[in-house]
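Listed here are the chains, written in short residue letters.
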Amino acid sequence: MATVIEPTIFELSSPGRRGVTMPASDVPATALPPKDLLRSDLPLPELAEVDVVRHYMKLSKFNYSVDDGFYPLGSCTMKYNPKINEDTCRLPGFLYTHPLQPIETVQGNLALMFEMQEWLKEISGFAGVTLQPAAGAHGEFTGVLMMAAYHKSRGDLKRTKMLIPDAAHGTNPASVGMLGMSVVTIPSDSRGNVDLEKLKAACDDTVVGMMLTNPNTLGMFDEHIEEVVKMVKDCGGLMYGDGANLNALLGIVRPGDLGFDVMHFNLHKTFAVPHGGGGPGSGPVGVSQRLVDFLPAPLVGIIEEGDHETAPLYGFVTPKQSIGRMKAFHGHFGGGLVRSYTYIAMHGPDGLKDISQYAVLNANYLQARLRDTYKIPYDRICMHEFVMEGQFEGSDIRALDISKRLMDYKFHPPTNYFPLIVHEALMIEPTETENKDTLDRFADALIKIAEEAKSQPELLHNAPSTTLFGRMDEVKAARELVLCCWLPENYEQMV
Amino acid sequence: MTYIPISPTERDAMLKTVGVKSLDDLFDAIPKKHRFPELNLPPALTEMEAAAHLGEMASSNENVREHLVSFLGAGAYHHYVPSVVDHMLRRGEFYTAYTPYQPEISQGTLQAIFEYQSLMATLTGMELSNASHYDGATATAEAVNLAYAQFRGKRKKIVMSPSVHPQYREVIRTYSQGMGLEEAGDDASADLEVGPEALMSLVDDKTMLVVVQYPDFFGRIHDYTKLIEDAHSKGALVCIVANPTALLMLKTPGEMGADIVVGEAQPFGIPLWYGGPYLGFFTTKKSYVHKMAGRLVGETVDVRGNRSYVLTLTAREQHIKRERATSNICTNQGLLALGCSIYMSVLGKQGLQEVANLCYQKAHYAASELSKIDGFGLCFTDPFFHEFVLCCPKPASEVNQYLLDNGILGGYDLSKDYPALQNHLLVAVTEMNSRDEIDTLVEILQEMK
């Protein structure tokens, strides 16, 4: 039998224990619905408040987080999340407003959303922004729907191919797959740029467009970006920018100026919405002039202009050829938009540029410190992240072992095995909110681990050894598929 | 204000190690004519100024705790959130962690999701739950994707009741525009009085999925057992969009035989927050697990023999399958799923039953008192839970304006979505509404000319 370090909330339950109680009813009683409409049993946990607090406190201590230490997870932008954002997003005026309230009663919310749309347009160089998408992948799906709608509106029905570089995030092809389009993979050249010859060969009148992450997932800004954009546009395609790596570009360059037609923002990466253990994120989308009519509905607009004495009246507007609604209500307002609005307001134009400059400095500093120890396959000035190989000649050590060993040094590992075009990839994104001492300690640890790989490889194979939990049996999890506490342990394999 | 912890001296030392003279020199790869644009944004605020500015924006709203008495629901509900919930969510260990890709140092998040899956499966009476979706509407759209994958595109018809939330139906239409689906039943001018069995005339051997809501958008409770049996006999799957508070009292969709149960778990510990972020739940039968989108946590052991948890069945997901993935989703609503679990745990079985009972009792008191007013009445006679349709003697928009002038946020104006329901308000009552508030609502409407 496995050892249980912390029982589940179901196992902690004891019949009759009470937590928070509700007031007695203050209205005359009404009979319940007929018995055949009622549930027979409600087998949910029964605990006291202190039981609940101690359980979740204990679980919280099983986690490693940005508040604990360095979290250089490539492409995830694990920056420090300012505490003030936690307070502003919980102001009663934001917490207790209903999404369907009359617009006259929520002008504060609508003004914030309107300004947020304007700010994101200014930062990215786009003509329109929707705040509705719930996450990056949701924003991507929104963008691809708009690209399809644009071609369809022009009667250009033969466009079914999306060009996607081999370094792209898996969400790009998956978003395209949701619309039944086909994917043409474009390889990268030896400097980590899009291979222009291969791109040229793929460009024809069946191309919907290209989805490009720039800087790409190698952390490289494409040195021929203007040629890439021109080639795609010359064949009638649209340029999609994956905004996952926008933390490198604030005040540095605006994707709209480079000719991109559509891009999603990851407010949970670039604009400091905390990642929450996997969500909620927030994925607004910006578009160029030719796509503004296709944005999801509704957007926030000015319904009545104001003057020097009265504020304008904000409300909702529907673009002429809108692709429709992406989710219920108006996007991740409280947990997403309010936090990012606070963050942008506190940085201003110069502060935003500092963010990207220092994010890029930190990545280049780590790259410089590790260059002699680890192979860096695309070695030039990187942007906010870089990728190195987690393997050594004549050794069976893999990127996974290095990652697990880093936990013994009290660091969160980098992203591993991505991008797919680098063997045993370790993708490192330090962000701007780490100091030189932390970066030095991390580089020292990785250099030490490279030595250990030669002298004591078992330390890496058996890592982590200092954490509460060791490596997990992932095959058992997938084979037995125990997905709920109350299922018996010998639950049969599912069909 | 800056959060960059690097001094000028340290910066210069780092630049030297990199081998460049200035920060600007790091950006030579960027086309020169577009490099370093001037951003026209307001100047930076300090923390003190930002707190004041945001405070002002927030207080220019009229909120349902301090300014307005609310009877508005329609997919987002004002419930009491026990203090413990936010205290736990404010633990940095939870909210500043990423997706639990490294299970050795993410067991807190993983066990919490595993418990969430167990709680939601129990609540809905289904065999398993995923780790959650963006909201109730997108969870419903994912049910359509599951059905599409299940029949590998061989069945392409979806039958949707007009009494499914209008915004959910809109989202399904947006999501499915590349799938070539045939949609039936999604007609706001259909006869809304008829029971769910009427949908069966639209279900045929091309139908992949039937979508109904429970209680439906108008608050009515239908037993879908017969509809599900009949749909199954045609080979179609059935998805029920359910309200979690109602499920604390009512027969579970699992007991009715549903294949997929989805819904909005905002009522369980998540503030109204002007519409988001919320929490879409998704539960189903074990036979559909491989076709289901979204994250999934499974139990296992570590090398030391400790019971532990990992993300599992990831081969379905985008980072492995790319364009053949079941969905492009790569997040769940992690922190809110945690909030939902804490809400359910700290109220516990009895506290939750009290919440459901208060909603039911107060809504029925309100319905009974409102229908006594001259010219007002209940639109439907079916049993309801905590929401009902009130027929008014004049257009709903006028009634709502009158109520708002008296500090009351009235119900949802159904004329926006249903042409036949011009004078109809969808009224929601929860445990937050006192008898005094209900009596005041009744008095004000009695005085309305």
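Note that the structure is predicted; figures quoted are calculated from it, not measured.

**Q** Where do I start with the overall build of chain B in this structure?
**A** Counting its regular elements, chain B contains 14 helices and 15 strands. Along the three orthogonal principal directions, the C-alpha set of chain B runs to about 80 × 55 × 50 Å. A burial count over chain B gives 62% of its 449 residues as buried. Put simply, of all contacts in chain B between residues at least 6 apart along the chain, 72% involve residues at least 24 apart.

**Q** I keep staring at the overall build of chain A and nothing clicks. Help me out?
**A** Within chain A, the secondary structure is distributed over 13 helices and twelve strands. Relative to a compact globule of 495 residues, whose C-alpha radius of gyration would be 23 Å, chain A shows 26 Å and is just as compact. Along the first, second and third principal axes, the C-alpha atoms of chain A reach 75 × 70 × 50 Å. Every one of the 495 residues in chain A was classed for burial, and the buried ones make up 57%. For chain A, contacts bridging at least 24 residues in sequence account for 73% of all contacts bridging at least 6.

**Q** I'm lost on the sheet that holds strand β10 (residues 386–389) of chain A in this one. Help?
**A** Through backbone hydrogen bonds, the strands of a sheet pair up, either in parallel or in antiparallel fashion. All names here are of chain A. Reading across from one edge, β10-β12-β11 is the order of the three strands in this open sheet, with antiparallel pairing throughout. Two strands lie at the open edges of the sheet, namely β10 and β11 (415–416), each paired on one side alone. Pairing analysis gives two bridges linking β11 to strand β12 (residues 425–428), with the strands arranged antiparallel. Residue N416 lies in a different strand from β12, and its bridge partner there is L426.

**Q** Please clarify how unusual backbone geometry should be interpreted in this entry.
**A** Negative phi is the rule for most residues except glycine; trans is the rule for most peptide bonds. Cis peptide bonds are those with omega within 30 degrees of zero, and the linkage from N214(A) to P215(A) qualifies with 0°. Position of P215(A) among the secondary structure elements: in the loop between β4 (207–213) and α8 (225–234). In the segment running from Y214(B) into P215(B), the intervening peptide bond is cis, with an omega of -20°. Counting through the fold element by element, P215(B) comes out in the loop between β5 (207–214) and α8 (225–233). Unlike most non-glycine residues, E424(A) shows phi in positive territory, near 50°. As for its placement among the helices and strands, E424(A) is situated in the loop between β11 and β12. Owing to 18 C-beta atoms within 10 Å, E424(A) belongs among the partly exposed residues under this scheme.

**Q** Teacher, can you tell me more about helix α6 (residues 136–150) of chain B here?
**A** Because an α-helix packs 3.6 residues into every turn, residues spaced three or four apart end up facing the same way. Residues and elements named next belong to chain B. Here α6 spans 21 Å end to end across 15 residues, near enough to the 21 Å set by a 1.5 Å rise per residue. Most of α6 sits inside the fold, with 13 of its 15 residues counted as buried. One or two positions beyond α6, positive phi appears at R152, with a value near 45°.

**Q** Please explain the domain arrangement of chain A as it appears in this structure.
**A** How big an interface is tends to be stated in terms of the accessible area lost upon association of its parts. Residues and elements named next belong to chain A. Along its sequence, chain A is organised into domain 1 (85–345) and domain 2 (353–474). The straight-line distance from the C-alpha centre of domain 1 to that of domain 2 is 31 Å. Taken together, the contacts link 18 residues of domain 1 with 18 residues of domain 2. Here the side of domain 1 that touches domain 2 is built from residues that sort into nine nonpolar, seven polar and two charged.

**Q** Where do I start with the packing of helix α1 (residues 49–61) of chain A against helix α5 (residues 107–124) of chain B in this structure?
**A** A pair of packed helices is characterised by two quantities: the angle between their axes and the separation of those axes. In the contact formed by α1(A) and α5(B), the axes pass within 6 Å of each other and the chain directions differ by 135°. When the axes of α1(A) and α5(B) are compared, the pair comes out oblique. Here L59(A), S60(A) and K61(A) of α1(A) come into contact with α5(B), specifically with G108(B), Q111(B) and A112(B). Here the residues of the contact of α1(A) with α5(B) sort into two nonpolar, three polar and one charged.

**Q** Help me understand the interface of chain A and chain B, please; the structure alone is not making it clear to me.
**A** In this complex, chain A contributes 173 residues to the contact, which on the side of chain B involves 172 residues. The greatest single-element share of the side of chain A that touches chain B, amounting to 22 residues, is contributed by helix α9 (residues 333–370) of chain A. Looking at the side of chain A that touches chain B residue by residue, the classes come out as 94 nonpolar, 50 polar and 29 charged.

**Q** Before we go on, may I ask you to explain the nonpolar core in this structure?
**A** Within soluble globular proteins, side chains that are nonpolar generally end up buried alongside one another. Among the nonpolar cores identified, the biggest contains 308 residues, and V262(A), L209(B), V210(B), C239(B) and I240(B) are the most heavily contacted of them. Looking at this core, the element that brings in the most residues is helix α12 (residues 334–370) of chain B, giving 21 residues. Contact partners of C239(B), with chain neighbours within four places excluded, come to T140(B), A143(B), L209(B), V211(B), D259(B), I260(B) and V262(B).

**Q** Explain the domain arrangement of chain B here, please?
**A** Residue and element names in this part refer to chain B. Annotation of chain B at the domain level lists domain 1 (69–81 + 348–447) and domain 2 (84–342). Relative to domain 2, the C-alpha centre of domain 1 lies at a distance of 27 Å. Taken together, the contact between domain 1 and domain 2 spans 26 residues of the former and 24 residues of the latter. Among the secondary structure elements, those contributing two or more residues to the side of domain 1 that touches domain 2 are α12 and β12 (387–391). At six residues, α12 tops the list of elements feeding residues into the side of domain 1 that touches domain 2. Partitioning the side of domain 1 that touches domain 2 into residue classes produces 18 nonpolar, five polar and three charged.

**Q** Would you explain the environment of G192(A) in this entry?
**A** Residue and element names in this part refer to chain A. The topology assignment puts G192 in the loop between β3 (182–186) and α7 (196–202). The exposure class of G192 is buried, given the 26 C-beta atoms found within 10 Å. Setting aside its immediate chain neighbours within four residues, G192 contacts N216, L218, M220 and Y378.

**Q** Got a minute to help me understand the pairing of β12(B) in this structure?
**A** Residues and elements named next belong to chain B. Of all five residues making up β12, four are buried, and the element is well covered by its neighbours. Two elements, strand β11 (residues 377–378) and β12, share two bridges in a ladder whose sense is antiparallel. Pairing of G377 across the sheet is with C391, part of β12. In this structure, β12 lies alongside strand β15 (residues 424–428), joined through five bridges in antiparallel fashion. Of the residues in β15, the one forming a bridge with F388 is V427.

Reading the values: rules and limits
Here, residues in each chain are numbered from 1, in the same order as that chain's written sequence. Chains and ligands are labelled by the order in which they are written, letters from A for the one and numbers from 1 for the other. Per-residue local features are limited, in this predicted model, to residues with pLDDT of at least 70; the limit for side-chain atom pairs, both in listing and counting, is 80 or more; totals at the level of whole chains, interfaces and linings are taken over all residues. Per the convention used, a helix needs a DSSP run of H or I reaching at least four residues, while a strand needs a run of E reaching at least two, with both numbered from the N terminus. Counting other C-beta atoms within 10 Å of a residue's own tells you its class, since 20 or more makes it buried, 12 or fewer makes it exposed, and anything in between is partly exposed; those C-beta atoms are placed from the backbone. We call two residues in contact when their backbone-placed C-beta atoms lie within 7 Å. The quantity called the radius of gyration is restricted to C-alpha atoms. Its globule counterpart is 2.2 Å times the number of residues to the power 0.38. If DSSP finds at least two bridges between two strands, the strands pair. Expected span of a helix: the number of residues minus one, times 1.5 Å. Each domain span listed reflects an automatic or database assignment of domains. Each residue is assigned to one class: nonpolar for Ala, Val, Leu, Ile, Met, Phe, Trp, Tyr, Cys and Pro, charged for Asp, Glu, Lys and Arg, and polar for all the others, Gly among them. Note on geometry: axes are lines fitted to C-alpha atoms, helical ones only across the stretch in contact, with angles between N-to-C directions running from 0 to 180 degrees. Reported orientations rely on four angle classes, namely roughly parallel under 35 degrees, roughly antiparallel over 145, roughly perpendicular from 65 to 115, and oblique for the rest. A set of buried residues drawn from Ala, Val, Leu, Ile, Met, Phe, Trp, Tyr and Cys, joined through C-beta atoms within 7 Å, is what defines a nonpolar core.

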